Amino acid sequence: MLMDRYICIHAHFYQPPRENPWLEAVEVQDSAYPYHDWNERITAECYAPNAASRILDDEGRIVKITNNYSRISFNFGPTLLSWMEQNAHRTYELILEADRVSRETFSGHGSAIAQAYNHMILPLANRRDKYTQILWGIRDFQHRFQRDPEGMWLPETAVDLESLELLADLGIKFTILAQHQARQIRKLRTGAQEAKADGKGPQWQTMEGGNIDPTRAYVCQLSSGRSINLFFYDGPISRAVAFERLLSNGETFASRLLSGFSEHRKWPQLVHIATDGETYGHHHAHGDMALSYALEHIESKQLAKITNYGEYLEKHPPTHEAEILENTAWSCAHGVGRWSTDCGCNSGGHAGWNQQWRAPLRSALDWLRDDLAPQFEQSGRELLQDPWKARDEFVSIVLDRSPENVDRFLAGHAGRKLEREEQVRALELLEMQRHAMLMYTSCGWFFDELTGIETVQVIQYAGRAVQLAQTLFGDHHEQEFEKRLRESRSNIPNFGTGVEVYEKFVKPAMVDLLGVGAHSAITSLFDGFGEQNTIYCYDVDLLDSHTQQSGRAAVAVGRARIMSRITREQMPISFGVLHFGDHNLSAGVRRFRSEDEYHAMAQSVSDAFGRADLPEAVRVLDRHFEGTAYSLKSLFRDEQRRIVTRILETTLGEAEASYRQIYEHHAQLMRFLAGLNTTPPKVLVLTAEFVLNNSLRRALEAPELDLDEVRGLLETAKREKINLDTTGLEYALRRRLNQMSDELLAAPGNLPLLARMHAIISIAWPFDINLWRVQNTFYSLLETEYAGRQDDAEWSEHFRRIVEKLNLRFPAPVQQPAAV
């Protein structure tokens, strides 16, 4: 019967945190091109598509767009959701909405479950960190989903009894494990069994090789007297989804899920799987569509009931109890060795490499954690009534850094009004502890190499904790930490040990208030000065400035106040920047001393620059700023890229003009050679590629899109067999169409805009355009606008043609009742 067959698909959505620890923001990542960074790219490939997944008919037309999150069980890493809230807000809102919808579908049980905060491997953590990680995960969930979580995802499903005790203590009802993590099971004792004279109840059955039946819920009795429910996901089907291309066909996927049922079982069966959520779209293109089709196929044909863990648990409580194998995880065959030893688990592809760096890296971080803890506690007690309780509740600040919320938090935990310097110290202590947890993010050990971006990221978190400790307690921490990093060694000889990694990748990323001031001063020379500016997590209040320009040279001096919104640390600064043209720039920044000294410096620089005596201006700045030199290299990565691009505009413009002259002079020859199927000289091909790609990109990004120009350029490229930057051009065109579709959604009757979109989509582009967002818009308009506008012949014609090109199926006409 349908009611005896349940299916639940769990997706664990998570990305390693990528934020620069000093900026609290993700900087540009070139490997994610054409996207800004990997979070943005994976959102486009996976997180957003699963919020609006397509179901196709037999002719390949879109018949339905559905939110997968509302019909599966899922968890999102809190650090990922934090990024999405700021940078992919529409998708973020659809995820929250899906949980609200799932409560209506699944008997009041939401499909979202929580996750231990920053993906720390809990069995390798001390009890205090375990508790905070679980509590922060719960509080983050409550903040976003506006309800208590029923379940929690353990990072990498890494489990031990202490973690389960803490889950149960904090109100979590269930977690999800792999089959091989079960040690033994037995039937729950009933009252009749307990009354037997011999006192014997059901016997334990050892689970060898992961042979536990995954189609029921189990309860784990804990030594405290509490208990927690466990679901052991179906391993073979889950592996087929992740690694065996099961998502290449939705119907095949559905059939494989249904194969998990057995006629021999006499209880209501739950077939459930668990994989990385990124499987559905990022790892496997269009995997979201296989997922939505499989769910639709199973539901529409009533082959099983789609459910989530909370609903199934309420309807079918455990009849068996289970004991776990401690210190095990879903992605390591050696317990939890992948995050602590050279156990043999790796991502492959590097013959001869080892992971002997894992153990000394963890040892170095353990030393740092344990060295900082008593100092945090001792210093914290001078400011906070209970420092560790304050740390547990500090997640409320991480979620809302508004001044009012920070004031409330400090007042509640200090028990008295703190002076500004005391506020800064209290926040620095708590931030030090936050980064001392972030440095244990599991991704730092998962892959093969000490210099991998995930491992460098966790060392950067450690570096931020060290920097704060140096500020708070003194100078020995960095030296001692580096001594322990020396024990970890890279597989790449040029990088040597962890100390070299720290020196090369961590120290250059460190930022202080003077560095923020230098960044502000340099960028302001190009962008102009505003009285108040925001630079990532810093506020810059400009108090005074003077700028002069002469030809390509420019100079700026001024003073400002820099403040961190994270720790409230602030510093008054004075600055001077001298730009000689191109990339030649020198800047000085220091703590502001006095009005007289500042004005004397500003006057001297102005006088020297006014006489065109640039060497003297440099000497004045050197004397005043005591050799503290900054340059374009001092800019944060995104701004550095932007400013360098501006500087290069003139140079690139000159180069493009020269290339264009050469191309136009030889265009007829290129066409002639193309007609002969003769390969032109390489220099002419490169010239044509440069000119045509630049011209197309400029046309696509122009305020008014000239379609005739675009068609002409595309025809030329086709005729002359020019390679186009299809990735970059598609991205530029997609952004334009997305903007237009948003405008149309806001004003559906805008006929010129509709006609414009029709014309753009009708062009024979030499690349596939990702029309996902445009399809969403027209799917919505089909439901809300189309029927009421069919009397407008011109609008209706454009709309109908676009719908056909977007591969959307028109809704079936409503049958009118026959006249009586």
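Structural data are supplied above this passage.
Residues numbered from 1 in each chain as written. Predicted model: local features only at pLDDT ≥ 70, side-chain atom pairs only at ≥ 80, totals over all residues. Heavy atoms only, no water.

K.L.:
So what's going on with the overall build of the protein chain? Which residues, and what values?
P.N.:
For the protein chain, the count of helices and strands is 29 helices and 20 strands. For the protein chain, the C-alpha atoms occupy an extent of roughly 105 × 80 × 60 Å along the three principal directions. Working note: accessible area of the protein chain is about 36500 Å², and carbon and sulfur atoms make up 48% of it. Here the protein chain carries 89 positive and 112 negative side-chain charges, and the mean point of each set is 3 Å from the other. (Helix = DSSP H or I, 4+ residues; strand = E, 2+ residues; numbered from the N terminus. Areas by Shrake-Rupley, 256 points an atom, 1.4 Å probe, with all protein chains shown as cover. Lys, Arg positive; Asp, Glu negative; His and termini not counted. Charge placed at Lys NZ, Arg CZ, Asp CG, Glu CD.)

K.L.:
Explain the nonpolar core to me, using residue names and the numbers behind them.
P.N.:
Residues Ile7, Ile9, Phe76, Met84, Leu164, Phe253 and Phe481 are the most contacted members of the largest nonpolar core, which totals 171 residues. Looking at this core element by element, the count peaks at ten residues for helix 17 (residues 453-473). Contacts of Leu164, omitting those with residues within four sequence positions, involve Leu154, Val159, Thr175, Cys220, Leu222, Ile228, Leu230 and Ile324. Judged by nonpolar contacts, the second largest core, of 45 residues, contains Ala52, Leu733, Met740 and Ile763. (Core = buried A, V, L, I, M, F, W, Y, C linked by side-chain atoms within 4.5 Å. Buried < 20%, exposed > 50% of the residue type's maximum accessible area, 1.4 Å probe, protein only. Contact = heavy atoms within 4.5 Å.)

K.L.:
How would you explain unusual backbone geometry if you had to name every residue and give the values?
P.N.:
At the junction of Tyr33 and Pro34, the peptide bond is cis and its omega measures out at 10° in the coordinates. Residue placement: Pro34 occurs in the loop between strand 1 (5-13) and helix 1 (38-51). The residue Asn327 is not glycine, and still its phi comes out positive at about 55°. Position of Asn327 relative to the elements: it lies in the loop between strand 14 (320-324) and helix 11 (358-381).

K.L.:
Run through empty space enclosed by the protein, naming residues and quoting values.
P.N.:
One pass over the structure, following the stated rule, counts six cavities of 30 Å³ or more. Approximately 100 Å³ is the volume attributed to the largest cavity. If you go around the largest cavity, you meet twelve residues; those closest to its centre are Ser586, Ala587, Gly588, Leu621 and Asp622. Elements with a contribution of two residues or more to the lining of the largest cavity: strand 18 (570-581), strand 19 (584-591) and helix 22 (614-625). Ranked by residue count, the leading element in the lining of the largest cavity is helix 22, at four residues. Residues that form the lining of the largest cavity fall into these classes: six nonpolar, five polar and one charged. (1 Å grid on protein atoms, 1.4 Å probe; cavity = no way out; pocket = protein on both sides within 12 Å on 5 of 7 lines; lining within 4 Å. Points joined across faces, edges and corners; volume = space filled by probe spheres on them. Nonpolar A, V, L, I, M, F, W, Y, C, P; charged D, E, K, R; others polar.)

K.L.:
How would you summarise a nonpolar patch on the surface if you had to cite specific residues and measurements?
P.N.:
Taken together, the side chains of Val644, Leu648 and Leu652 present a nonpolar region at the surface, about 220 Å² in accessible area. With respect to the helices, strands and loops of the structure, Leu648 is situated in helix 23 (residues 637-675). Residue classification places Leu648 among the partly exposed residues on the basis of a relative accessible area of 37%. (Patch = residues over 30% accessible without salt bridge, like charges linked within 9 Å, V, L, I, M, F, W, Y side chains within 5 Å. Salt bridge = Lys/Arg side-chain N within 4 Å of Asp/Glu carboxyl O.)

K.L.:
Could you give an account of helix 21 (residues 595-610), with specific residues and numbers?
P.N.:
Residues spaced three or four apart along an α-helix face the same direction, because each turn holds 3.6 residues. Taking 1.5 Å of rise per residue, the 16 residues of helix 21 would be expected to cover 22 Å, and the 22 Å separating its terminal C-alpha atoms lies within 8% of that figure. All of the buried residues in helix 21 are Tyr598, Met601, Ala602, Val605, Ala608 and Phe609. Down the axis of helix 21, the sector holding all buried residues measures 135°, keeping them to one side. Exposed and facing more than 90 degrees away from the buried side of helix 21 are Asp596 and Gly610. Structurally, helix 21 contributes buried residues whose contacts are with strand 16 (538-550), strand 17 (553-564), strand 18 and helix 22. Where helix 21 terminates, the next one or two residues include Ala612, which has phi positive at roughly 60°. (Expected span 1.5 Å × (residues − 1). Arc of directions from axis to C-beta.)

K.L.:
Tell me about the environment of Gln302, and name the residues and values.
P.N.:
Relative to the helices and strands, Gln302 resides in the loop between helix 9 (287-300) and strand 13 (305-306). Residue classification places Gln302 among the exposed positions, given a relative accessible area of 58%. Along the primary structure Gln302 and Ala364 are separated by 62 residues, whereas in three dimensions their C-alpha atoms are 55 Å apart.

K.L.:
Any details on the pairing of strand 14? Residues and values, ideally.
P.N.:
For strand 14, the tally of buried residues reaches four of five residues, placing the bulk of the element in the interior. Where strand 8 (residues 182-187) lies against strand 14, five bridges are found, and the strand directions are antiparallel. The partner of Ala182 across the bridge, within strand 14, is Ile324. (Pairing = 2+ DSSP bridges.)

K.L.:
Report on the sheet that holds strand 14, specifying residues and quantitative values.
P.N.:
Read from one edge of the open sheet, six strands run 7-11-10-14-8-9, paired in mixed fashion. The strands lining the two open edges of the sheet, one partner per strand, are strand 7 (174-178) and strand 9 (205-206). Of the pairings in the sheet, the one linking strand 7 to strand 11 (residues 227-233) comprises five bridges and is parallel in character. Directly across from Ala178, in strand 11, lies its bridge partner Tyr233. On top of the sheet, helix 5 (residues 161-169) reaches strand 7, strand 10 (218-221), strand 11 and strand 14; it is set at about 115° to strand 11, its chief contact. (Axes fitted to C-alpha atoms, helices over the stretch in contact; angles between N-to-C directions.)

K.L.:
Please set out the sheet that holds strand 16 residue by residue, giving values where relevant.
P.N.:
In spatial order, the strands read 15-16-17-18-19-20; together these six strands make up an open sheet with antiparallel pairing. Looking at which strands have only one partner, the edges of the open sheet turn out to be strand 15 (532-535) and strand 20 (629-630). Pairing analysis gives ten bridges linking strand 17 to strand 18, with the strands arranged antiparallel. Among the inter-strand pairings, Ala556 is bridged to a residue of strand 18, identified as Val577. Taken strand by strand, helix 20 (residues 513-527) contacts strand 15, strand 16, strand 17, strand 18, strand 19 and strand 20, and its axis lies near 40° from that of strand 18.

K.L.:
Could you give me a rundown of the packing of helix 26 (residues 726-746) against helix 28 (residues 772-784), with the residues and numbers involved?
P.N.:
Packing of helix 26 against helix 28 brings their axes to within 9 Å, and their N-to-C directions diverge by 15°. The angle between the axes of helix 26 and helix 28 places the two elements in the roughly parallel class. Here the hand of the crossing between helix 26 and helix 28 comes out left-handed. Where helix 26 approaches helix 28, its residues Leu737, Asn738, Ser741, Asp742, Leu744 and Leu745 are matched on the opposing element by Arg773, Val774, Thr777, Phe778, Ser780 and Leu781. (Parallel < 35°, antiparallel > 145°, perpendicular 65-115°, else oblique. Left-handed = near helix turned anticlockwise from the far one by under 90°.)

K.L.:
Talk me through the pattern of salt bridges; I want residue IDs and the actual numbers.
P.N.:
Across all of its chains, the model carries 56 salt bridges by this definition. Its salt-bridge partner being Asp160, residue Lys130 comes within 2.5 Å of it at the nearest N-O pair. Residue Lys130 is located in helix 4 (residues 127-145), and its partner Asp160 is located in the loop between strand 6 (152-153) and helix 5; the two are separated by 30 residues in the primary sequence. For the pair Lys130 and Asp160, one class covers both residues: buried. In this structure, Arg369 engages Asp370 in a salt bridge whose closest nitrogen and oxygen atoms are separated by 2.9 Å. When its relative accessible area of 43% is taken as the criterion, Asp370 is described as partly exposed. Several salt bridges converge on common partners, so that one network encompasses Glu24, Arg401, Glu431 and Arg434.

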